[in-house]
Amino acid sequence: MTTDIKYSLGDLVTYRADLLGVQGHSGIVINVFSDGDGVEYILVKWHDGEVYPELPRHLFLLAKAKNEQ
């Protein structure tokens, strides 16, 4: 399964929709990048302070970041 969601810096995400509001299970997108093989990763700073790269298919978008442009 692939996702059509394009994540942006500042988006609020979770990796399990049933854990919405549970500390540490939601976070902010701080980087979007691809590896040498074209696999996209989303770097998330989780609200428990940890930072991990995640595959987009493992994330659920909670809120899009406000576009400042």
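Residues numbered from 1 in each chain as written. Predicted model: local features only at pLDDT ≥ 70, side-chain atom pairs only at ≥ 80, totals over all residues. Heavy atoms only, no water.

Peer 1: Hey, could you go over the overall build of the protein chain for me, with residue numbers and the actual values?
Peer 2: Helix and strand counts for the protein chain come out as zero helices and five strands. Along the chain direction, N to C, the helices and strands of the protein chain fall in the order β-β-β-β-β. When burial is assessed residue by residue, the protein chain has 25% of its 69 residues classed as buried. In the protein chain, once contacts between residues fewer than 6 apart in sequence are set aside, the share between residues at least 24 apart is 37%. Summed over all atoms, the accessible surface of the protein chain reaches about 4900 Å², with 52% contributed by carbon and sulfur. (Helix = DSSP H or I, 4+ residues; strand = E, 2+ residues; numbered from the N terminus. Buried < 20%, exposed > 50% of the residue type's maximum accessible area, 1.4 Å probe, protein only. Contact = heavy atoms within 4.5 Å. Areas by Shrake-Rupley, 256 points an atom, 1.4 Å probe, with all protein chains shown as cover.)

Peer 1: Give me the lowdown on the nonpolar core, citing residues and values where you can.
Peer 2: Counting residues in each nonpolar core, the largest one holds seven residues, listed as Tyr-7, Val-13, Val-29, Ile-42, Val-44, Trp-46 and Leu-59. Counting residues per element, this core draws most heavily on strand E3 (residues 40-46), which supplies three residues. (Core = buried A, V, L, I, M, F, W, Y, C linked by side-chain atoms within 4.5 Å.)

Peer 1: Mind laying out the sheet that holds strand E4 (residues 51-54), listing which residues take part and the relevant values?
Peer 2: Paired through their backbone hydrogen bonds, the strands of a sheet run either parallel or antiparallel. One open sheet accounts for five strands, arranged E4-E3-E2-E1-E5; its pairing is antiparallel. What marks the edges here is a single partner per strand, and that holds for E4 and strand E5 (60-63). The average angle at which neighbouring strand axes cross in this sheet is 45°, direction not considered. Bridge count for strand E1 (residues 12-14) against E5 is three bridges, and the pairing is antiparallel. Of the residues in E5, the one forming a bridge with Leu-12 is Ala-63. (Pairing = 2+ DSSP bridges. Axes fitted to C-alpha atoms, helices over the stretch in contact; angles between N-to-C directions.)

Peer 1: Please give an account of the environment of Val-13 that cites residues and values.
Peer 2: Checked against the element boundaries, Val-13 lands in strand E1. Judged by its relative accessible area of 0%, Val-13 is buried. Considered as a pair, Val-13 and Ser-26 are 13 residues apart in the sequence and their alpha carbons are 5.5 Å apart. The contacts of Val-13, once residues within four sequence positions are left out, are Tyr-7, His-25, Ser-26, Gly-27, Val-29, Val-44, Trp-46, Leu-59, Phe-60, Leu-61 and Leu-62.

Peer 1: Break down the packing of aromatic side chains for me, with residues and values.
Peer 2: Considering all chains together, one arrives at two aromatic pairs under this definition. Measuring from ring centre to ring centre gives 5.2 Å for Tyr-15 and Trp-46, while their planes differ by 90°; the resulting arrangement is edge-to-face. In this pair, Tyr-15 is assigned in the loop between E1 and strand E2 (26-34) and Trp-46 in strand E3, connecting sequence segments 31 residues apart. For Trp-46, a relative accessible area of 4% translates into the label buried. Taking 5.7 Å as the distance between ring centres and 20° as the angle between the ring planes, the aromatic pair formed by Phe-33 and Tyr-41 counts as stacked. With a relative accessible area of 32%, Phe-33 lands in the partly exposed category. Residue Tyr-41 is classed as partly exposed on the basis of its relative accessible area of 24%. (Phe/Tyr/Trp six-rings, centres within 6.5 Å; stacked < 30°, edge-to-face > 60°.)

Read these as layout, nothing more, since geometry by itself doesn't imply function.
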